[in-house]
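# Results of the structural survey
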Amino acid sequence: NVFKKVGWRADNAPAFWKNNAQTIAEEFDGDVRNLLRQCDYDATKIEKFIQEEHPEWFPSLKGPKVSVLWLRLIDEEIHSLDSMGEIDIPADRNILRVTNYLLGESLEQRTEENLKIARETWSEVCEGTDLIPVRLDKPLWLCGKSSRHDYLDYWGTWGKEYLDTILANSRR
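This report concerns the structure included in the present document. Per chain, residue numbering runs from 1 following the sequence as it is written. Given that the model is predicted, a residue must reach a pLDDT of at least 70 before its local features are reported, and side-chain atom pairs must reach 80 or more before they are shown or counted; all residues, however, enter totals for whole chains, interfaces and linings. Excluded from the side-chain calculations are hydrogens and water; all other atoms, namely the structure's heavy atoms, are used.

### Some points on the nonpolar core
- By size, the foremost hydrophobic cluster in this structure holds 23 residues, and its most contacted members are Leu-35, Ile-46, Ile-50, Trp-70 and Leu-81.
- Residues in contact with Ile-50, not counting those within four places in the same chain, are Leu-35, Pro-55, Phe-58, Leu-61, Ser-67 and Trp-70.
- Counting 14 residues, the second-largest nonpolar core is a separate cluster that includes Leu-96, Leu-115, Leu-136 and Leu-140. Residues belong to a common nonpolar core when they are buried Ala, Val, Leu, Ile, Met, Phe, Trp, Tyr or Cys residues joined through side-chain atoms within 4.5 Å. Whether a residue is buried, partly exposed or exposed follows from its accessible area with a 1.4 Å probe, protein chains only, as a fraction of its type maximum: under 20%, in between, or over 50%, in that order. Residues count as neighbours in contact if any of their non-hydrogen atoms are within 4.5 Å of one another.

Shown next, in the form of structure tokens:
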């Protein structure tokens, strides 16, 4: 139920959840908190562990978007993690759209280079503040998600207020 609560789609990848659950059961005595404890409750250590040290245990968490979403979910719903400020925003086409609109970028194509630029751009926006890039993902994604490109309407009608609320609660 926690996945439904946070809006995480599991309908298209049941093997994803089965593999993660099996790994947690076999390698961490059935408790994801054992993984967190092993990595000192540090998001960057967990990310390195699942992506570099043991990618075979969590193959569905190896990408720069899904692993970050998973870390944010863990941080918000299971146990707070240190170093969340060092985790990039999980960029996708929706983040590109809102980045273009809000920051005047021109990242029209969903290429690896443009996704990298978007991640770096939001890290720079947060630099020197107490904002955390990964916590900006959900409000920015919601503002940019429209396939009809009416995200400009979202920003004016509810997006800015929503983002301000999230920002007020997303300090380091």
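Now that the structure is up, let's keep going.
### Some remarks on the packing of aromatic side chains
- The pairing test for Phe, Tyr and Trp rings, Trp by its six-membered ring, is centres within 6.5 Å, and the orientation test on the planes gives stacked under 30 degrees, edge-to-face over 60, and tilted for anything in between. For the structure on display, the rule yields four aromatic pairs.
- Measuring from centroid to centroid gives 5.8 Å for Phe-49 and Trp-57, while their planes differ by 55°, and the two rings are tilted.
- Here a set of aromatic residues connected by ring pairs shows up, and it is made of Phe-28, Phe-49 and Trp-57.

### Examining unusual backbone geometry
- Backbone geometry at Asp-29 places phi at a positive 50°, although glycine is not the residue there.
- Relative to the elements of secondary structure, Asp-29 occurs in the loop between helix 2 (14-27) and helix 3 (32-38).
- For Asp-40, which is not glycine, the phi dihedral falls at a positive 60°.
- Runs of E in the DSSP output that reach at least two residues are strands. Runs of H or I that reach at least four are helices, and both are numbered from the N terminus. Its place among the elements puts Asp-40 in the loop between helix 3 and helix 4 (43-53).
- Residue Asp-40 is classed as partly exposed on the basis of its relative accessible area, which comes to 45%.

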